[in-house]
Amino acid sequence: MSQFWSKKAKEAKPYVPGEQPAETDVIKLNTNENPYPPSPMTLEAMHRAINSDLRRYPSPTVTELKNIIAAREKVAPSNVFVGNGSDEVLAFAFQAFFEPNKPIKFPETTYSFYPVYANLYDIPFQKVPLNTDFSIDVENLYDSVGGVIFPNPNAPTGLALRLGAIERILQQNTNQVVIVDEAYVEFGAETAVKLTELYPNLLVTRTLSKSHALAGIRLGYAIGNEVLIEGLERIKNSFNSYTINRVSLAGAEAAFKDEVYYSTTINQVKQTREWTSEALRSLNFEVIDSTANFLFVKPNMNAKFLYESLKERGIYVRYFNESKIDGYIRISIGTDAEMEQLVEQIKRIISS
Ligand SMILES: Cc1ncc(COP(=O)(O)O)c(C=O)c1O
């Protein structure tokens, strides 16, 4: 039936998300979700939002949530855009700021949705090599023709750039938009939000999927100069007036009011990350110092074999069949009990 497909549908190269196994008794360390539940206050707010108001469309302007985010990030509400997951924010940003015929730059090893959007919107791109230690080679991102995008910390490496390095990238791309994707920033990197005041070409994107344990409600946002935000609104309002549903809005608003809970769970994830890194290093695994909620690890055996062996034992991690990183696996940080199981099962695989 593909004769019915448009050229775009035929030529699309869709993103392949990490597996979402149907079984519930597995240890799921493959999509960088938070191992802890959303806070009770967040869940209560969402339960309360399931009421007869659901017959009405949600707010097209999400003013209340923008006000809350603006206060948290110390910017004006006109500097805030809200989307249905940061993936949607990124999709709008590619359309709002990048052009066909003007190649954008991003790191060679990075979030694999960037080339997918670029292909979908006919934006040419150049993948720039990383340094041999997997850090981003800042100078490679200078002088782009069409714009720059990178995660900070980068995924799947977990390595972060300092703000000085990000400023150099901004200063060398003053006529192009630079997107800093901060999906994982709250687990230990420095946010570039304060640079948005100085650099009108900087857009910072964020998500509640990781730090706030809300991957299931799809809530992302962006901070930037109000002209950039208006560009995003123009694209969004040409696509769907009501991207954020009422229940997600209620959950996001409540989550930002319950920061003590989330900072406690974030700290717990960081502590678990540290001891797990040490435990894996003691098994002679190479573990990159991570500022995110995952570890990028070179095992002392074939990475694909380890990924498959763990899966047989009910532990899902992520393996990328891509050149330069096919010797590595990415492991999301779970609870202490889950990571103890992981280490235990790895030891058994080694000894078998
Ligand atoms: C680097 C990066 N950016 C953005 C996202 C998208 O997050 P979401 O759409 O859940 O906000 C992810 C998800 O894994 C990611 O790894």
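Residues numbered from 1 in each chain as written. Predicted model: local features only at pLDDT ≥ 70, side-chain atom pairs only at ≥ 80, totals over all residues. Heavy atoms only, no water.

A. Region of interest: empty space enclosed by the protein. Within this structure, the stated rule accounts for one cavity of 30 Å³ or more. In this structure, the largest cavity spans a volume of roughly 40 Å³. Forming the walls of the largest cavity are P60, T61, V62, K66, F81, V82, E233, K236, T243 and I244. Within the residue set of the lining of the largest cavity, elements represented by two or more residues are β2 (80-83) and α7 (226-236). Per-class residue counts for the lining of the largest cavity are five nonpolar, two polar and three charged. (1 Å grid on protein atoms, 1.4 Å probe; cavity = no way out; pocket = protein on both sides within 12 Å on 5 of 7 lines; lining within 4 Å. Points joined across faces, edges and corners; volume = space filled by probe spheres on them. Helix = DSSP H or I, 4+ residues; strand = E, 2+ residues; numbered from the N terminus. Nonpolar A, V, L, I, M, F, W, Y, C, P; charged D, E, K, R; others polar.)

B. Up close: the sheet that holds strand β9 (residues 286-287). With antiparallel pairing, four strands are arranged side by side in an open sheet as β9-β10-β13-β12. Here the strands that pair on one side only, and so sit at the sheet edges, are β9 and β12 (318-319). On top of the sheet, helix α9 (residues 259-281) reaches β9, β10 (294-298) and β13 (329-332); it is set at about 10° to β10, its chief contact. (Pairing = 2+ DSSP bridges. Contact = heavy atoms within 4.5 Å. Axes fitted to C-alpha atoms, helices over the stretch in contact; angles between N-to-C directions.)

C. Focus on helix α6 (residues 163-171). L163, A165, I166, I169 and L170 are the residues of α6 that are buried. Summarising the axial view, the buried residues of α6 lie within an arc of 160°, below the 170-degree limit, and thus occupy one face. (Buried < 20%, exposed > 50% of the residue type's maximum accessible area, 1.4 Å probe, protein only. Arc of directions from axis to C-beta.)

D. Fine view of the site of the ligand. All residues adjacent to the ligand are G85, S86, D87, Y111, P151, D181, A183, Y184, T207, S209, K210 and R218. S86 is positioned with one of its backbone polar atoms (N or O) 2.6 Å from an oxygen atom of the ligand. For the ligand, an oxygen atom lies 2.9 Å from a polar atom in the side chain of K210. Taken by itself the ligand offers 400 Å² of open surface, and the protein chains cover 92% of this. The site holding the ligand turns out to be the largest pocket. Broken down by class, the residue content of the shell around the ligand amounts to four nonpolar, four polar and four charged. (Near = heavy atom within 4 Å. Polar contact = N/O pair within 3.5 Å; in protein donor to acceptor, adjacent residues only side chain to side chain. Areas by Shrake-Rupley, 256 points an atom, 1.4 Å probe, with all protein chains shown as cover. Sits in = over half its atoms within 2 Å of the grid points.)

E. Local environment of the nonpolar core. Grouped together as the largest cluster of nonpolar side chains are 52 residues, with contacts concentrated most on V82, F150 and I166. The element contributing the most residues to this core is helix α8 (residues 246-256), with six residues. Here this core gathers at least three residues from each of two domains, domain 1 (17-38 + 259-351) and domain 2 (40-256). Aside from chain neighbours lying at most four places away, what touches V82 is V62, L65, K66, I69, L219, G220, Y221, T243 and I244. Of all hydrophobic cores here, the second largest spans 28 residues; its members include V287, L306, I329 and I331. (Core = buried A, V, L, I, M, F, W, Y, C linked by side-chain atoms within 4.5 Å. Domains from an automatic or database assignment.)

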